Amino acid sequence: MTRRVVITGVGAVTPLGVGARTLHDRWTAGECAIEDGLARCTEFDPTDHLSIKEARRSDRYTQLAIAACGEALSDAGWEGGQPHDPARVGCVIGTGIGGINTLESQHDVLRDRGPGAVSPLAVPVMMSNAAAGVLAMRHGLLGPCFGTVSACAAGAHAIGAAVRLVQSGDADAVVTGGSESAMTPLAMAAFAGMGATSPTGTCRPFDARRDGFVMGEGAGVLVLEEEEAARRRGARVLGRVLGFGATADAYHLTAPEPGGGGSARAITRALEDAGAESAEVAYVNAHGTSTPLNDRSETDALKSALGEHAAHVPVSSTKSAIGHLLGAAGAVEAIATLLALRDRVAPPTLGYEQPDEGLDLDYVPGAARPLNGGRVGISNSFGFGGHNAVLCLEAAA
Amino acid sequence: MSTTATREEIEDRVVSALVTFGVEPSEINRDAAFEQLDVDSLDLVELAQIVEDEYGVQLKGEDVQNLRTVGDALDLIAARLP
């Protein structure tokens, strides 16, 4: 019998504030956290969540994950310790870049003071699997534990991998999500150098004037449990991960495949995995980066995967409110999708005003609007390297 | 780099380093074991870097791995002062 995967807890730290609900409520109200071309988690104070020892042994990306995870576990009712055999609880956390704050500061130490001064903590703090390891250690999760690395699809890949761990029977529950904090001089210069970030510091996905993404930081963590195991412990179920689809463009290091073929195959695969028809899709949380290339190919992909129904589905981009969280985006946006489905509301694509030729879907301009129709939501994530990862979700009735 | 550090100066410096590692100041005394203070080998390597940087005291990997208490560390550093 198929093991089904339910979501029992969510947590997020985003530029809109600390808390998954905070993200949903503020975005739905039309608040935008982008300031001076960046979206920082200004309301996040590490000392609220970490001891001195934990703080100095974690890069900011791990600190964000610790806070999001704390909220998710408490939301799932796990405060008093997790309710499953710890050996059957996994931890999968994605990141695009990992501990680049540490990498850069330790490189300064190397250059200025020589190799003998480089911190013994540098490797364990900067490695891209640090967040997964730290969360497992902090909460005693003894099952499969690793990071996923697929640029801006990493958060969605983490959730997809977690779903498979539960379905396969390798785990009864998995703490999963994504985390990122890469607002360093090197990372910002590098993204700007390749023309990925917006030179005007604006994020207006799908708008004719879009000119690149705005960098954000944050983390999103979900508690996934096998449905029967969750039921046995009397868990409150928020929703389900119905399906996951992952493909590669195998086309270009950074540019999406024209026509969105790889993305379309991932969407189709996620729907197949969910056993859902495109007509059941009530909401699409777009990757919607505000780059000229992504928003066009994603629009093409949605048309190709959903067919005629694409014209009737609200499609909005969380990035319009919090910028691009890179490896955390897929996880934070999965949470945003779930809460949108729970409240039956499509939050708006902020800043969208001028239609572009060929970009003619319903991008939910202006203000949030009630959802109509089916029960299924889609969350798209696409990463440099040609990675496409799509989650198909539903909210509990 | 000072070559005239007193034992008191070294003690103050070691205590302040341990506090930045996350140890409660009230728990630090000569007899306190690093294990009890939750100070591990990575912290001790950092401590070795600090004393080398500031007092010119060279502590090798095996030196710090064998340190059990705060007093052990203070004695070793004092004995190695150039």
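Residues numbered from 1 in each chain as written. Chains lettered and ligands numbered in written order. Predicted model: local features only at pLDDT ≥ 70, side-chain atom pairs only at ≥ 80, totals over all residues. Heavy atoms only, no water.

**Re the pattern of salt bridges**
Oppositely charged side chains are able to pair whenever their charged atoms sit close together.
Line of reasoning, step 1. One pass over the full model with this rule turns up 38 salt bridges over all chains.
Line of reasoning, step 2. The salt bridge involving Asp 43 of chain B is made with Arg 57 of chain A; its shortest N-O contact spans 2.9 Å. Of the two residues, Asp 43 of chain B is situated in helix H2 (residues 41–55) and Arg 57 of chain A in the loop between helix H2 (52–56) and helix H3 (60–75); the pairing between them involves two chains.
Line of reasoning, step 3. Take Asp 43 of chain B: its relative accessible area is 0%, and that puts it in the buried class.
Line of reasoning, step 4. According to the relative accessible area criterion, Arg 57 of chain A is buried, its value standing at 19%.
Line of reasoning, step 5. A salt bridge links Arg 210 of chain A to Asp 356 of chain A; the nearest nitrogen and oxygen atoms lie 2.9 Å apart. Pair noted here: Arg 210 of chain A is in the loop between helix H8 (185–193) and strand S7 (215–216) and Asp 356 of chain A is in the loop between strand S12 (345–346) and strand S13 (369–370), with a separation of 146 residues, a long-range link.
Line of reasoning, step 6. Note on Arg 210 of chain A: relative accessible area 7%, which makes it buried. (Salt bridge = Lys/Arg side-chain N within 4 Å of Asp/Glu carboxyl O. Helix = DSSP H or I, 4+ residues; strand = E, 2+ residues; numbered from the N terminus. Buried < 20%, exposed > 50% of the residue type's maximum accessible area, 1.4 Å probe, protein only.)

**What to know about the side chain of Glu 104 of chain A**
Line of reasoning, step 1. Inspection of the secondary structure puts Glu 104 of chain A in helix H4 (residues 100–113).
Line of reasoning, step 2. For Glu 104 of chain A, the residues in contact, after removing those within four places along its chain, are Thr 184, Pro 185, Leu 186 and Ala 187 of chain A. (Contact = heavy atoms within 4.5 Å.)

**Quick notes on the packing of aromatic side chains**
Residues and elements named next belong to chain A.
Line of reasoning, step 1. Inspection of every chain in the model, using the stated rule, returns four aromatic pairs over all chains.
Line of reasoning, step 2. On the basis of an interplanar angle of 10° and a centroid distance of 4.2 Å, the ring pair of Phe 206 and Tyr 363 is categorised as stacked. Separated by 157 residues along the polypeptide, Phe 206 in the loop between H8 and S7 and Tyr 363 in the loop between S12 and S13 bring together distant segments of the chain.
Line of reasoning, step 3. The exposure class assigned to Phe 206 is buried, which follows from its relative accessible area of 1%.
Line of reasoning, step 4. Members of the aromatic cluster, joined through ring pairs, are Phe 191, Phe 213 and Phe 384. (Phe/Tyr/Trp six-rings, centres within 6.5 Å; stacked < 30°, edge-to-face > 60°.)

**Notes on the state of the cysteines**
All names here are of chain A.
Line of reasoning, step 1. By the definition in use, this model includes zero disulfides over all chains.
Line of reasoning, step 2. Lacking any disulfide linkage, Cys 32 is separated from the closest cysteine sulfur, that of Cys 203, by 7.4 Å.
Line of reasoning, step 3. With a relative accessible area of 42%, Cys 32 lands in the partly exposed category.
Line of reasoning, step 4. Its sulfur unpaired, Cys 69 is 6.5 Å from the next cysteine sulfur, which belongs to Cys 91. (Disulfide = S-S within 2.5 Å.)

**Description of the interface of chain B and chain A**
Line of reasoning, step 1. Tallying the contact residues gives 13 residues for chain B and twelve residues for chain A.
Line of reasoning, step 2. Both faces considered, chain B and chain A share a buried interface measuring about 950 Å² in area, 42% of it formed by carbon and sulfur atoms.
Line of reasoning, step 3. Summed over the three residues of chain B that lose the most area to chain A, namely Leu 42, Glu 46 and Gln 49 of chain B, the buried surface amounts to 45% of that side.
Line of reasoning, step 4. Scanning the region where chain B abuts chain A turns up seven salt bridges.
Line of reasoning, step 5. For the interface between chain B and chain A, the tally reads ten residue pairs in polar contact (both at pLDDT 80 or more).
Line of reasoning, step 6. Listed by contribution, the elements that provide at least two residues to the side of chain B that touches chain A are helix H1 (7–20) and H2 of chain B.
Line of reasoning, step 7. Among the elements that line the side of chain B that touches chain A, the one with the most residues is H2 of chain B, at six residues.
Line of reasoning, step 8. Its residues placed into classes, the side of chain B that touches chain A shows five nonpolar, three polar and five charged. (Buried area = accessible area lost by both parts, 1.4 Å probe. Polar contact = N/O pair within 3.5 Å; in protein donor to acceptor, adjacent residues only side chain to side chain. Nonpolar A, V, L, I, M, F, W, Y, C, P; charged D, E, K, R; others polar.)

These figures capture arrangement, not role.
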